[in-house]
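# A closer look at the structure
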Amino acid sequence: MTNTPCACTRARRAARSLTNLYDSALKPVGLQITQFSLLRTIDRMAPVNVSTLADAMLLDRSTLGRNLTVLERRGMLVLTGGTDQRDRSVTLAPSARRLLQKALPRWEQAQRSVSKLLGKRGVADLFDLLEKVEALR
């Protein structure tokens, strides 16, 4: 692996490695980490409108809209109200709640793998650094 002084390149490489770890863990239940994260966020915030959800997830509304469409087609979401995607309210369908219950132990296993690799202090340091990076927005 080639080292680079580019913070963005290094962060994206690390993000792909983490994504692969979590995607592998969640694959048996038919979810990707991006979908799992979206479903968990909706579950915590529901009912939530698309604009508020996009802000919470640091996603632009069009990207979020595409992700919501995929989950809606799978019967995972209930979108109500509003004349356009931004004004609509999002909640989880019962099937999504059941899927999250199946997925949670697999996600927790991936979390343990990261903690084992980095250690408790390393995870705390990572989270501190990520919070600073997210503030660049």
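Only a predicted model underlies this, so the values are computations on that prediction, with no experimental measurement involved.

Criteria and cut-off values
Residues numbered from 1 in each chain as written. Predicted model: local features only at pLDDT ≥ 70, side-chain atom pairs only at ≥ 80, totals over all residues. Heavy atoms only, no water. Pairing = 2+ DSSP bridges. Helix = DSSP H or I, 4+ residues; strand = E, 2+ residues; numbered from the N terminus. Phe/Tyr/Trp six-rings, centres within 6.5 Å; stacked < 30°, edge-to-face > 60°. Lys NZ or Arg CZ within 6 Å of the ring centre and 35° of its normal. Buried < 20%, exposed > 50% of the residue type's maximum accessible area, 1.4 Å probe, protein only. Arc of directions from axis to C-beta. Contact = heavy atoms within 4.5 Å. Axes fitted to C-alpha atoms, helices over the stretch in contact; angles between N-to-C directions. Expected span 1.5 Å × (residues − 1). 1 Å grid on protein atoms, 1.4 Å probe; cavity = no way out; pocket = protein on both sides within 12 Å on 5 of 7 lines; lining within 4 Å. Points joined across faces, edges and corners; volume = space filled by probe spheres on them. Salt bridge = Lys/Arg side-chain N within 4 Å of Asp/Glu carboxyl O.

### Digging into the pairing of strand S3 (residues 89-92)
The sheet contact formed by strand S1 (residues 48-49) and S3 spans two bridges and is antiparallel. In the sheet register, asparagine 49 faces S3, and the bridge partner there is serine 89. Where strand S2 (residues 77-80) lies against S3, four bridges are found, and the strand directions are antiparallel. Residue pairing across strands places leucine 77 opposite leucine 92, the latter belonging to S3.

### Focus on the packing of aromatic side chains
The description of an aromatic ring pair rests on the distance of the ring centres and on the angle between the ring planes. One pass over the structure, following the stated rule, counts one aromatic pair. Across the ring face of tryptophan 107, the terminal group of arginine 40 is positioned such that the distance to the ring centre comes to 4.9 Å.

### Quick word on helix H3 (residues 50-57)
If you check which residues of H3 are buried, you get Val50, Ser51, Leu53 and Ala54. The buried residues of H3 occupy an angular sector of 160 degrees when projected down its axis, which confines them to one face. In the core, the buried residues of H3 are packed alongside helix H2 (33-45), S1, helix H4 (61-73) and S3. In the segment just after H3, leucine 58 is the residue with positive phi, at about 55 degrees.

### Considering the sheet that holds S1
The strand order S1-S3-S2 describes an open sheet built from three strands, whose pairing is antiparallel. Here the strands that pair on one side only, and so sit at the sheet edges, are S1 and S2. Here H2 sits on the sheet in contact with S1, S2 and S3, set at roughly 105 degrees to S3.

### What about the environment of valine 90?
Of note, valine 90 is situated in strand S3. Separated by 32 residues in sequence, valine 90 and glycine 122 place their C-alpha atoms 35 Å apart. If we ignore the near neighbours within four places in the chain, the residues touching valine 90 are Ile42, Ala46, Pro47, Val48, Val50, Leu68, Leu77, Val78 and Leu79.

### Considering H4
Helix length check: H4 (13 residues) gives 18 Å between terminal C-alpha atoms against 18 Å at 1.5 Å per residue, within 8%. Listed as buried for H4 are Leu64, Gly65, Leu68 and Leu71. Down the axis of H4, the buried side of the element spans an arc of 125 degrees, and every buried residue falls inside it. Seen from the open side of H4, the exposed residues pointing more than 90 degrees away from its buried face are Arg66 and Arg73. Tucked into the core, H4 has its buried residues touching H2, H3, S2 and S3. Looking one or two residues past H4, glycine 75 carries a phi angle of roughly 75 degrees, positive in sign.

### Comments concerning the side chain of threonine 41
By the secondary structure assignment, threonine 41 is in helix H2. Since its relative accessible area comes to 8%, threonine 41 is described here as buried. In contact with threonine 41, other than residues within four places in its own chain, are Leu53 and Met57.

### Describing the layout of surface pockets
Its boundaries defined by the atoms lining it, the largest pocket holds a volume of some 2000 Å³. Those elements that provide at least two residues to the lining of the largest pocket are helix H1 (7-26), H2, H3, H4 and helix H5 (94-134).

### Examining the pattern of salt bridges
Close approach of charged atoms allows side chains of opposite charge to pair. On inspection of all chains with the given rule, the structure shows two salt bridges. Aspartate 43 is the partner of arginine 97 in a salt bridge, and the nearest nitrogen-oxygen pair spans 2.5 Å. With arginine 97 in helix H5 and aspartate 43 in helix H2, this residue pair connects regions lying 54 residues apart in the sequence. The salt bridge involving arginine 121 is made with aspartate 125; its shortest N-O contact spans 2.6 Å. Here the residue arginine 121 and the residue aspartate 125 both occupy positions in helix H5, the gap between them amounting to four residues, near one helical turn.

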